[in-house]
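Residue-level listing of the chains:
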Amino acid sequence: MKPSLDRASQAVIDSGSMDYAVQKWVGQMPKIQGTDARVIRILEVFLPFALLVAVVIFSLILLLLEYLHKHTKKDYGQGRDLGLKC
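About the criteria used
Counting from 1, residues in each chain are numbered in the order their sequence is written. A pLDDT threshold of at least 70 governs which residues receive local features in this predicted model, and a stricter bar of 80 or more applies before side-chain atom pairs are shown or counted, although totals over entire chains, interfaces and linings include all residues. Think of the side-chain values as coming from all heavy atoms in the structure, minus any hydrogens and water. Numbering of helices and strands runs from the N terminus; a helix is a DSSP stretch of H or I covering at least four residues, while a strand is a stretch of E covering at least two. Residue exposure (1.4 Å probe, protein chains only): buried if accessible area is under 20% of the type maximum, exposed if over 50%, otherwise partly exposed. Computed with a 1.4 Å probe, the accessible areas rest on the Shrake-Rupley method; for each residue, only the protein chains presented here act as cover. Just to be clear on terms, a salt bridge is a Lys or Arg side-chain nitrogen sitting within 4 Å of an Asp or Glu carboxyl oxygen. Any helix carries an expected span of 1.5 Å times its number of residues minus one. Known as pLDDT, the predictor's per-residue confidence is scaled from 0 to 100.

Student: Outline the overall build of the protein chain, supporting the account with residue identities and numerical values.
Tutor: On a plain count of helices and strands, the protein chain comes out with three helices and zero strands. In the protein chain, which comprises 86 residues, the proportion classed as buried is 0%. Approximately 8900 Å² of the protein chain is accessible, and the part contributed by carbon and sulfur atoms is 67%.

Student: Can you break down the pattern of salt bridges residue by residue, with the values?
Tutor: Scanning all chains against the criterion turns up two salt bridges. The closest approach of N and O atoms between K2 and D6, which form a salt bridge, is 2.8 Å. With a gap of four residues between them, K2 and D6 both fall in helix 1 (residues 2–15), about one helical turn apart. Under the relative-accessibility criterion, K2 is labelled exposed at 59%.

Student: Can you explain helix 3 (residues 42–71)? Please cite residues and give values.
Tutor: Counted at 1.5 Å a residue, the expected span for helix 3 with its 30 residues is 44 Å, and the 43 Å between its end C-alpha atoms agrees. Across the 30 residues that make up helix 3, only a small minority, zero, are buried.

Student: So what's going on with the confidence of the model for the protein chain? Residues and values would help.
Tutor: Confidence along the protein chain averages 79 in pLDDT terms, with 76% of residues attaining 70 or more. Helix 2 (residues 17–26) is the least confidently modelled element of the protein chain, averaging 78 in pLDDT, while helix 3 averages 93, the highest of any element.

Rendered as structure tokens:
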């Protein structure tokens with residue numbers, strides 16, 4: 001079955017019917033001229049990445065501070081029952 005489907009699909013591609021179907025489905029692709037083509041500079045890639053890394057590091061620092069705060073609290077009236085009777 002595969003060899004016959006391969007031959008049929010190759011015949012469709014060779015006849016140009018596939019190009020017509022793709023053009024009707026997708027539409028006309030715009031031609032990119034030399035002046036319209038834009039190369040992405042390194043800062044346009046690095047800046048969002050650096051911002052994302054900074055946010056992740058900041059959130060990890062906050063997580064560490066919360067963990068330290070929770071585990072270094074004194075038991076002086078923090079709502080924990082110490083079993084003391086007055």
